[in-house]
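Spelled out from the first residue to the last, the chains are:
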Amino acid sequence: MTTVAMKPPAPAAGRSPKKKASPGGGIGRYLLIRFLLIFPTIFILVSMVFWLMRTTGDPITAALGGKLGPDQLAVLIHEAGYDRPIFVQYFEYLGQVFTGNFGTTISTNRPVSEVLLTYGLATAELVFYALIVAFIVGIPLGMVAAYWRDKAPDAFLRVFAILCYATPVFFAGLLLKLVFAVWLKVLPVAGRATVGSELEMQFLPDKTGIYFIDALKTGNPAVFGDVLLHAVLPALALGLLTAGVFLRLVRTNVIGTLGTEYVTAARSRGVNEFRLVSKHAYRPALIPIITVIGLQVALLLGGAVLTETTFEWKGLGFMLIEFIKARDFVAVQGIVALLAVIVALSNFIVDIIAALIDPRVRY
Amino acid sequence: MTVETTHAYKAPLWTRLPVVHQVRQSIGLQRGMLVVGLVITGIFILTAIFAPLLAPYGYSQLRGDSGTFGAQQAPGGEHLLGTTVGGYDVLSRVIWGSQTAITVMVIAVVLSIFAGVALGLVSGYFGGWLDRVLVVICDAVYAFPALLLAIVMGIVISGGRSGLWGGIFAAAISITVVFIPQYFRVIRAETVRIKAEAYVESARVLGASNGRIMFRHVLRNATRTLPLIFTLNASEALLTLAGLGFIGFGIEPSSAAEWGYDLNKSLSDVTSGIWWTSLFPGLAIVLVVLGITLVGESLNDLADPRLRSRRAPGKTAGVAATSVVPGGTLTAGPGGIDGLEASSLAPDQHPNDDPFEAK
């Protein structure tokens, strides 16, 4: 610590001065480091969930405590191996997670991995729809707000963005349901499809579990329309939540780039205003936007749990709540672990995209 | 903050008070948003304090002078906003709910500030392996959906359901765990920057102890952005509480009123066209979050020279270099909490920018 005073003064916030000194470099190395960072993330989350859940006791007692006698419980606990030392169970669990085996649910006696696959696809579908809504609503409006900064459109859009954020996704869902499904009766109240459509898709030879694709495969326009109509309200509820975040993000970053000299230069060259905002100012603003979009995956997944509960959309979130009610902690642990993997992976993907767009990000 | 102004002209005391100063500093739209936010937040706090006087009935009251209230009564008459499926008075539960909300918010935010600031300060100041480990753990926790983490914590703390204080603390601690990484990141990033400042080095040369430098020199300057995160997090705390309540981790209706719980119970009402049981608790959440967010965003913008000025934003960006902490306030800012999160990522993503680590 005595050498501290000898150190050269710190370069203020900028990144460029240190660029030359950085070791290695190269996108390959960067991606490798990023990829390796996935594992500690997953490891920490999975371990945390394991230990936290185990502080409540073993899963069998939690799930069946009131229903079976102590003798029967003891037998089940022994069969499942929950009477072994906790560290043995912990390492066994880590090994299982690594090989994609998440155990068997207690309440329904199905492999957790099967549950994850079936319902995970439903959640993925919902999140995908929501992202589309968020992009379509958030990004153009963000540019509009940035361009008319501090003018009426900006004021209106900022309040809109804050409202999107301030409205809990389940409340937005309830309102949408009330207006469009109950009062206007133009959209279905809940579920992913009507029973009829679900039956028709059930008998497809190679069904994917993604209703959008399955409905297309049936070749029946009525089924396809039915599936799409069911997706509108959940996608809107979850999408608007994220749209508010996108809007604010795009606005702030485009405001930043609109003030730069190259935008002024472009304007003086006679580039039209639309192109100025949508290309010149927006492109460089993309990096922080993409980084934050990566962080939104967590928000979206959390929101998906609430949206699915609101709309009885039978995805991971809906099942998570069902399993919690049944106190089936093996299943809960599995779902949470899977979501941890998804979050870590999506952060990795975002890092890759950011690195491909902007060479400065790599170190 | 500085001593040099002792003989110079000083503005009257009331204009230098934290929020008043910002209101005076703001102009136009920004002032409008700040004032609206302050008014809403003020009403919310007053409602919470005077809930016993304002609410026509108790939060768990099922019968009045003329017998039981009855379930799902339409608004009007004795029940201004109707009654719930459980037979409670909606207006009373909305008013009492503000008390629960504010209690959870304050406990959660205070706990997470203490834990997050302490960890961030130590981690950023001493660096080394402890810093690495804490950063990786906090990144992992931070990346994870807040609500899911809160659910897991809820299971651990209360097994899912509990009474008044048990429920409030379960919710508050669940939210705390979610927030610690945010404070940790911001404080750590600031600490890493500040410890390279000349005044920290001079303090060290003068022989100040680590503790003194950390608390007197670093902490004082690192916490400038905290009020901003505080307001933004308070609203997130409320949303998490409501989310927990909505999925059934709420506080039992007999122990306290909680908006998320009421919305959960109104889920089936909506399908049959009963709107008052969901609309009012929902609006309460939206209004409170809106108010607090408006205050937080406005303070955030005002603290950021690029966003404060109405004129050419690019030209004022250089202000940072002359401020006490280069890049200090600037990093914690644009885009509300997302800006805070995104920019506080920077030190982790670009370790080579940090003069202490690029050895």
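Residues numbered from 1 in each chain as written. Chains lettered and ligands numbered in written order. Predicted model: local features only at pLDDT ≥ 70, side-chain atom pairs only at ≥ 80, totals over all residues. Heavy atoms only, no water.

Draft legend 1. Geometry of the confidence of the model for chain B. All names here are of chain B. Of all residues in chain B, 73% attain a pLDDT of 70 or more, and the chain-wide mean is 73. The secondary-structure element of chain B with the lowest mean pLDDT is helix α17 (residues 328-331), recorded at 37, while helix α5 (residues 90-126) shows the highest, at 87. Within the model, pLDDT remains below 50 along residues 1-6, and this stretch shows 1 contact once partners closer than five positions in the same chain are excluded. Segment residues 311-359: pLDDT under 50, and 114 contacts once partners within four positions in sequence are set aside and those in other chains are kept. Across the whole predicted complex the pTM is 0.78, and at the interface the ipTM reaches 0.78. (pLDDT = per-residue confidence, 0-100. Helix = DSSP H or I, 4+ residues; strand = E, 2+ residues; numbered from the N terminus. Contact = heavy atoms within 4.5 Å.)

Draft legend 2. Representation of empty space enclosed by the protein. Applying the stated criterion to the full structure yields 11 cavities of 30 Å³ or more. In this model, the largest cavity occupies a volume close to 630 Å³. Along the wall of the largest cavity there are 31 residues; nearest its centre are A298 and L299 of chain A together with A146, L147 and E236 of chain B. For the lining of the largest cavity, the elements supplying multiple residues, two or more each, are α7 (169-183), α10 (221-258) and α12 (273-311) of chain A together with α6 (128-143), α7 (146-158), α8 (164-194), α11 (226-249) and α18 (336-349) of chain B. (1 Å grid on protein atoms, 1.4 Å probe; cavity = no way out; pocket = protein on both sides within 12 Å on 5 of 7 lines; lining within 4 Å. Points joined across faces, edges and corners; volume = space filled by probe spheres on them.)

Draft legend 3. Here's a closer look at the pattern of salt bridges. Residues and elements named next belong to chain A. Under the defined criterion, the tally for this structure stands at 5 salt bridges over all chains. Between D154 and R251 there is a salt bridge, with the nearest N and O atoms lying 2.8 Å from each other. Note that D154 is positioned in helix α6 (residues 152-166) and R251 in helix α10, a separation of 97 residues in sequence. You'll find D154 and R251 in the same group, each marked buried. The partner of R267 in a salt bridge is E273, and the shortest N-O contact between them spans 3.0 Å. Its relative accessible area of 38% is what places R267 among the partly exposed residues. (Salt bridge = Lys/Arg side-chain N within 4 Å of Asp/Glu carboxyl O. Buried < 20%, exposed > 50% of the residue type's maximum accessible area, 1.4 Å probe, protein only.)

Draft legend 4. Layout of the packing of helix α11 (residues 261-268) of chain A against α12 of chain A. Residue and element names in this part refer to chain A. Contact geometry for α11 and α12: axes closest at 11 Å, N-to-C directions at 155°. The angle between α11 and α12 falls in the class roughly antiparallel. The way α11 lies across α12 gives a crossing that is right-handed. Residues Y262, V263, A266 and R267 of α11 form the contact with α12, whose own contacting residues are E273, L276, H280, A281 and P284. (Axes fitted to C-alpha atoms, helices over the stretch in contact; angles between N-to-C directions. Parallel < 35°, antiparallel > 145°, perpendicular 65-115°, else oblique. Left-handed = near helix turned anticlockwise from the far one by under 90°.)

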